[in-house]
Every structure is written in C-alpha cells, then in structure tokens.
Amino acid sequence: MNSSTGPAFDKSGDGPRIVGVTLPTGNDPASVRARVEAVEFLLERSFRIPGVNVPIGLDALVGLVPVLGDIVTTALGAYMVWEARNLGMSKWHLTRMGANVAFDAALGLVPVVGDAADFVFRSNSRNLRIIKKHLDKHHPETRIIEG
C-alpha cells in the first residue's frame, strides 16, 4: 500500500466500486484487509489540506455536522470492529477497538473540542493497526509487500 495514494486494490472483480476501485466481497482475510484499509483511508486520510499537506478524512469533515456526522462516523468505525470480529480476533482486541470508537464518539459530542480532536485522535487508524497486526501474525499471506 502506498501511503500517499491510499490502499492498493485489484481493479478486476465484481465487488462494489468506491472511487473507481473495486472492493472484494469475500470473507477471506485478504478481502477483509482490503475493505478495512479502504474504510480507514476514507475516514482518516482521503483528503489533504492545501498548503500544509495534512491528511484529513471524512471523520473530520462529516463530524462537523452536529449529531448526524458523529452517528455516521461511529457506525463506520463500528463496521471495522465488526469485520475484526469476523476475523476471529480476541475479545481483548475487540474491546480495545470498541473503546477507541467509543472514545472518538464521546469526543465528537463536545461541539468544538470534538471537531478538533478528530485531527489528533484517529481511532480508525489505531483500529487498522490492531487488525493489521492480527492479520500479519495469523494470516501472513494477506501482507502486501511494497518494493
């Protein structure tokens, strides 16, 4: 995966397309990895602030909409936890991931502080790191080697 352009996906296949990219629909670990990487990229790093080159995502932008934005971003964060559960991750890891999402949602309820916190506390990136660590240990064939 190239961090400057986002997740790398196989553009062949019949899965759903997001921004010109086909996402796999299978339940295998490689498909799950591709989907959670896409969600994390969309929520945390899909745009760059011009001039300062700071990555932001829909979590920060949609979070500006009171209540509805927080519901949407919390639901997408919970989707990542659900995918992790489908991978058979331990209850400890699922609890940590759920706590990250809950903390992010609780911060989002505070009007101005919550919007600023979305730039600093990236719960989806933290959860992706937990999922990748599990996949690299238990399903090493899903690793993407960059050269």
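Before reading on, note that the structure itself is shown above.
Reference entry: report on the structure contained in this document. (Residues numbered from 1 in each chain as written. Predicted model: local features only at pLDDT ≥ 70, side-chain atom pairs only at ≥ 80, totals over all residues. Heavy atoms only, no water.)

Further remarks concern the layout of surface pockets. Considering only enclosed or pocket space, the largest pocket measures out at about 270 Å³ in volume. Breaking the lining of the largest pocket down by element, the ones donating at least two residues are helix H4 (91–108) and helix H6 (123–138). Top element by residues in the lining of the largest pocket is H6. It accounts for 7 residues. For the lining of the largest pocket, the class distribution of residues is 2 nonpolar, 6 polar and 5 charged. (1 Å grid on protein atoms, 1.4 Å probe; cavity = no way out; pocket = protein on both sides within 12 Å on 5 of 7 lines; lining within 4 Å. Points joined across faces, edges and corners; volume = space filled by probe spheres on them. Helix = DSSP H or I, 4+ residues; strand = E, 2+ residues; numbered from the N terminus. Nonpolar A, V, L, I, M, F, W, Y, C, P; charged D, E, K, R; others polar.)

It is worth spelling out a nonpolar patch on the surface at this point. The grouping of Phe47, Leu61 and Leu64 at the surface amounts to a nonpolar patch, some 270 Å² of accessible area in total. Here Leu61 is to be found in helix H2 (residues 58–62). (Patch = residues over 30% accessible without salt bridge, like charges linked within 9 Å, V, L, I, M, F, W, Y side chains within 5 Å. Areas by Shrake-Rupley, 256 points an atom, 1.4 Å probe, with all protein chains shown as cover. Salt bridge = Lys/Arg side-chain N within 4 Å of Asp/Glu carboxyl O.)

The next thing to look at is the packing of aromatic side chains. Taken as a whole and judged by the stated rule, the model has 2 aromatic pairs. With a centroid separation of 6.0 Å and an interplanar angle of 35°, the aromatic rings of Tyr79 and Trp82 are classed as tilted. Linking Tyr79 with Trp82, this pair stays in helix H3 (residues 68–86), spanning 3 residues, or about one helical turn. On the basis of relative accessible area, Tyr79 is assigned to the partly exposed category, the value being 25%. Relative to Phe121, the ring of Phe103 has its centre 4.9 Å away and its plane inclined at 80°; by these criteria the two rings are edge-to-face. Placement of Phe103 in helix H4 and of Phe121 in the loop between helix H5 (111–120) and H6 is noted, with a sequence separation of 18 residues between them. Phe103 gets classed as partly exposed once you look at its relative accessible area, which sits at 43%. (Phe/Tyr/Trp six-rings, centres within 6.5 Å; stacked < 30°, edge-to-face > 60°. Buried < 20%, exposed > 50% of the residue type's maximum accessible area, 1.4 Å probe, protein only.)

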